[in-house]
Each structure stands twice: as structure tokens, then as C-alpha cells.
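Architecture and fold: a report
The chain contents come next:
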Amino acid sequence: MRVGIDMGGMSIKFGLVNEKNEIVAKKVIPTELDIPALELVEKMNVAVAELLKENNVEVSQCEGIGIGSPGTIDDEHGVILYSNNFHWEHVPIVAAMKKSFPVPIGIANDADAAALGEVCAGAASDVANAVLITLGTGVGGGVIINNKIFHGPLAGGCELGHTVIVCDGESCTCGRKGCFEAYASASALIRMAREEAEHTPDSKMNEMCGADLTKMNGKIPFDAAALGDEAAIRVVEKYEYYLACGITNVINIFRPQKVVLGGGVAAQRENLTGPLTELVKKQCFGGENGGIAEIVVSELGNDAGIVGAANLVG
């Protein structure tokens, strides 16, 4: 048994993972960001102890603990160097947890952990080289090469969402302009849909959000496009074009066997992967003469981070 921990902005999820990469038990605690970092880590220690006890697992039977955390991670020393989500800097989380658990403890960026989870037990379990791209509030990414997380020799690598696809384009939360995230996140899709709906009052998108553009979400443009709404079709095609551009960059650099899409937008499944596949085939260097990764949707969903974290030590 191993424990996998997925740290999120609203909650921290814990999973007891067996040798088949099955999550046999879960526990969730709120992410209390109004207390000092090490106090929250102590609450994480308590949650791990309770998870083990509730499932009759002795600490000596626990093979290790893995942590997936947002931010810039020093995995060698077990330190969260910087997390914008948590407003943490230089938190020695592994050392703090080892005081309670004398077992191997590993840590990785949360997107890297989720990518590892998909390779170990999800949509990319049949390959050794894959890239996960998460399409949520932002665009996250994790790169797996030969079944191991690739992040380069220095902390902070593989921020795929912050590669530029439109020079001097839309502003990104990171401070740059034209980032992949500013065009391919769910937030970007919603922004495009609002703009198009505002300019096209008779669009079904306006009807679907009750004429209140603040209620626009990433599903509405796809639903409206499926009904033949021309404004929605323009939004979806524009979004898919930018997403394909970023995926093409990833394929041209890493040549993975699979690109796995996660996050809320990926719920569109074949409605998304089908058009993307055709666009990427046209954009990739060498076309179909080069190796073009299969584009698939995450199988583990919200569990990918737990499974991947557990495999940091297993």
C-alpha cells in the first residue's frame, strides 16, 4: 500500500493505493490557507494517519507517501519552492511529514503527478512516453519520458501552458502575452464564447446562459454548436485551432506516443479529439510522415493525481 496526496486550492485528497494502482480508500480535508503552511502540513499528517488506521494498515506496511502539489517543486530536497495558489514559499513539506512517517516520501508538481498517473494506470497505460494537458481554469501539463516524469535538471520546468502561441497576444496570468493558457484554457473558451455571444444576440449561446453572459460555461458553446448555431461553431473552431497549435508544439518537441487531455473541457471527448487530430496532422512537422501522437481523453479524471503521487514512491 502507498498513500497518494493530491493538493488542490479548495481541498486536499488522500488515497490509499494498492499494487494494482487501485484506490481502495479516500479521505478529503479542506485546504486551509489562512493558517501557517506547516500547520496545514501537520493536518495532512493527521489525515494520513487516520486513513491508514481506518483501513487497518500499519505505518510499517505503507510502502511510501507521494505528494502532488501545485507550484514550483524541488523534488530532490522535498521543498515547495513557490506556489501561487497557496501563497507558499520554501515549505519543507517532505521533512515535515517524515517526522510522523519514517517511510519514503516523494513530491512532484501536481500536473506531473497526474501525467504519471495516466501512464501508470490510465489512458496512456500502454505506452511509456506521454504528455498530459489539463484544460481547466489554466492549462497545466506533465511530460512522461520512459515512464518517468521529465522536468529538466532545474526546478520549474515543463510549464506547457506558458509557452507562447500568439506573439504579443492576450494577457496571461503569468505576466506574459499570448500564452497557450490564454487561448486554450476553459477560461479562454468562456471568454471567446462571451465575446461572440455579445456580438451575436440571436445566438443560442445567449439563450442557454439565460441571457446572462456571466453564466457562460465551457459546455455551452459545444452544445450550441451541435445544434447548428453559427456563432457557437465559430467559437468552437477558433478554440480548437488554438488548442491544436499548442498540442502541435508539444508533439514537435517531445514526440510522445500519446497526448492525454484532462480537465473540464476534455469532457467533450470525441467532439474535441476528432477535430484536434485532423488539425494536428496538418500542423505537425513532417505531417503524417512524422510520428503523430494519438490524442485521447483522461481515464482517471480527478483520481489521476492520487495514483500518480502514489507512484512517486512505488
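Located above this text is the structure these notes cover.
Parameters at a glance
- Residues numbered from 1 in each chain as written.
- Predicted model: local features only at pLDDT ≥ 70, side-chain atom pairs only at ≥ 80, totals over all residues.
- Heavy atoms only, no water.
- Helix = DSSP H or I, 4+ residues; strand = E, 2+ residues; numbered from the N terminus.
- Rg over C-alpha atoms; globule rule 2.2 N^0.38 Å.
- Contact = heavy atoms within 4.5 Å.
- Lys, Arg positive; Asp, Glu negative; His and termini not counted.
- Charge placed at Lys NZ, Arg CZ, Asp CG, Glu CD.
- Axes fitted to C-alpha atoms, helices over the stretch in contact; angles between N-to-C directions.
- Parallel < 35°, antiparallel > 145°, perpendicular 65-115°, else oblique.
- Left-handed = near helix turned anticlockwise from the far one by under 90°.
- Salt bridge = Lys/Arg side-chain N within 4 Å of Asp/Glu carboxyl O.
- Buried < 20%, exposed > 50% of the residue type's maximum accessible area, 1.4 Å probe, protein only.

Moving on: the overall build of the protein. Along the backbone of the protein there are 10 helices and 13 strands. Computed over the C-alpha atoms, the radius of gyration of the protein is 20 Å, within 12% of the 20 Å expected from 2.2 N^0.38 for a compact globule of 314 residues. The principal-axis extent of the C-alpha atoms belonging to the protein is close to 60 × 45 × 35 Å. Within the protein, counting contacts between residues at least 6 apart in sequence, those at least 24 apart form 60% of the total. A distance of 1 Å separates the average location of the 24 positive side-chain charges in the protein from that of its 40 negative side-chain charges.

Turning our attention to the packing of helix α5 (residues 186-199) against helix α8 (residues 230-254). It is at 10 Å that the axes of α5 and α8 come closest, and there the two elements cross at 150 degrees. Compared by their axis directions, α5 and α8 come out roughly antiparallel. Handedness of the α5/α8 crossing: right-handed. Within the contact between the two elements, α5 uses L189, M192, A193 and E196 and α8 uses A231, R234, V235, K238, Y239 and Y242.

All told, the structure shown has nine salt bridges when counted by the stated rule. Note that K27 is salt-bridged to E54, the shortest N-O span being 3.2 Å. Of the two residues, K27 is situated in strand β3 (residues 23-30) and E54 in helix α1 (residues 37-54); the sequence distance between them amounts to 27 residues. Given the relative accessible area of 16%, K27 is considered buried. Taken together, the shared-partner salt bridges in this structure form one network comprising K27, E50 and E54.

Right, let's get into the side chain of D6. With respect to the helices and strands, D6 occurs in strand β1 (residues 2-7). For D6, a relative accessible area of 15% gives the class buried. Apart from the residues lying within four places of it in its own chain, the contact partners of D6 are S11, I12, K13, G68, D110, N302, G305 and I306.

With that out of the way, let us pick up the environment of N146. Along the chain, N146 turns up in the loop between β10 (139-145) and β11 (148-149). Taking C-alpha positions, N146 is 35 Å from E42, a pair spaced 104 residues apart along the chain. Apart from the residues within four sequence positions on either side, N146 is in contact with A128 and N129.

Interpretation in functional terms is not warranted from these geometric data alone.
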